[in-house]
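Chain by chain, the residues:
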Amino acid sequence: MQKAPLATLVTLILLAVVVGVYGPMWSVLVIALIAGVGCGVLLLAYWLGKGGIYFILGLLVPLLAVIFAELPNFISLFQLILTFFCGFWSSLWALKLVNGTADKPGAP
């Protein structure tokens, strides 16, 4: 989770370049963002000990995003991947912000 802010920033910059050059595919961006955040939340739930079903569901979310998104060309797939990871890193970053005391020296 230490690298989540940097990963989010790099992904947003790449996404801004791709969207700026080729134009946004809004349906792909919305599906990918929801899938990325959902995947992050499910995998975090597994990591925090809530149960193995969260791991399985977390691994299925990217597949569902690819199935339900309209991907007529490579650029739409690229936007899907970048937006998915932007949502994923953002969910990790949100956990880091919520648990901000865990990174401070001397914290339990």
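Look a little higher up for the structure.
This one's a predicted model, so the numbers in the text were calculated from it and none came from an experiment.

J.: I'd like to hear about the overall build of the protein, residue by residue, with values.
T.: Secondary structure summary: the protein contains four helices and zero strands in total. In sequence order, the secondary structure elements of the protein are arranged as α-α-α-α. If one aligns the C-alpha atoms of the protein with their principal axes, the spans along those axes are about 50 × 30 × 15 Å. Per-residue burial over the protein gives 31% buried out of 108 residues. Carbon and sulfur atoms provide 76% of the accessible area of the protein, an area that totals close to 6,800 Å².

J.: Before we move on, could you go through the nonpolar core and cite the residues and values that matter?
T.: Core analysis: the largest hydrophobic core is formed by 15 residues, its most contacted members being A35, C39, V61, L80, F84 and L92. Mapped by element, the contributors of at least two residues to this core are α2 (26–47), α3 (52–68) and α4 (74–98). The greatest single-element share of this core, amounting to six residues, is contributed by α2. By size, the runner-up hydrophobic cluster in this structure holds five residues, among which are L15, V18, L29 and L82.

J.: Describe the packing of aromatic side chains, and please don't skip the residues or the numbers.
T.: Enumeration according to the criterion identifies six aromatic pairs in this entry. Relative to F78, the ring of F74 lies with its centre 5.9 Å away and its plane at 10°, an arrangement referred to as stacked. Of the two residues, F74 and F78 both sit in helix α4, four residues apart, roughly one turn of that helix. Taking the relative accessible area as the measure of exposure, F74 reaches 58% and is therefore exposed. Seen from their ring centres, F88 and W89 are 5.3 Å apart, and the 75° between their planes marks the pair as edge-to-face. The exposure class of F88 is buried, given its relative accessible area of 14%. Using a relative accessible area of 25% as the deciding quantity, one classes W89 as partly exposed. What links up through ring pairs into an aromatic cluster is the set F84, F85, F88 and W89.

J.: Can you explain the packing of α2 against α4? Please cite residues and give values.
T.: Where α2 contacts α4, the two axes come as close as 7 Å, and the packing angle between them is 40°. Taken as axis vectors, α2 and α4 run oblique relative to one another. Two packed elements cross with a definite hand, and for α2 against α4 that hand is right-handed. Of the residues belonging to the contact of α2 with α4, the class tally is 16 nonpolar, seven polar and no charged.

What counts and how
- Counting restarts for each chain: residues are numbered from 1 in the order of the written sequence.
- Selection of residues for local features in this predicted model requires a pLDDT of at least 70, selection of side-chain atom pairs for listing and counting requires 80 or more, and totals for whole chains, interfaces and linings are taken over all residues.
- Side-chain numbers here rest on the full set of heavy atoms in the structure, without hydrogens or water.
- Helix numbering and strand numbering both begin at the N terminus, where a helix is a DSSP run of H or I of at least 4 residues and a strand a DSSP run of E of at least 2.
- Only protein chains enter the accessibility calculation, which uses a 1.4 Å probe; a residue is then buried when its area is under 20% of its type maximum, exposed when over 50%, and partly exposed in between.
- Note on areas: Shrake-Rupley, 1.4 Å probe, and residue coverage restricted to the protein chains presented here.
- We call a set of buried residues a nonpolar core when its members are Ala, Val, Leu, Ile, Met, Phe, Trp, Tyr or Cys and they connect through side-chain atoms within 4.5 Å of each other.
- Any Phe, Tyr or Trp ring, taking Trp's six-membered ring, that has another such ring centre within 6.5 Å forms a pair; planes under 30 degrees apart are called stacked, those over 60 apart edge-to-face, and the others tilted.
- Axes here mean lines fitted to C-alpha atoms, for a helix over just the part in contact, with angles spanning 0 to 180 degrees between N-to-C directions.
- Roughly parallel here means an angle under 35 degrees, roughly antiparallel means over 145, roughly perpendicular means 65 to 115, and every remaining angle is called oblique.
- Note on convention: the crossing is left-handed when the near helix lies turned anticlockwise from the far helix by less than a right angle, right-handed when the turn is clockwise.
- Classes in brief: Ala, Val, Leu, Ile, Met, Phe, Trp, Tyr, Cys and Pro nonpolar; Asp, Glu, Lys and Arg charged; the others, Gly included, polar.

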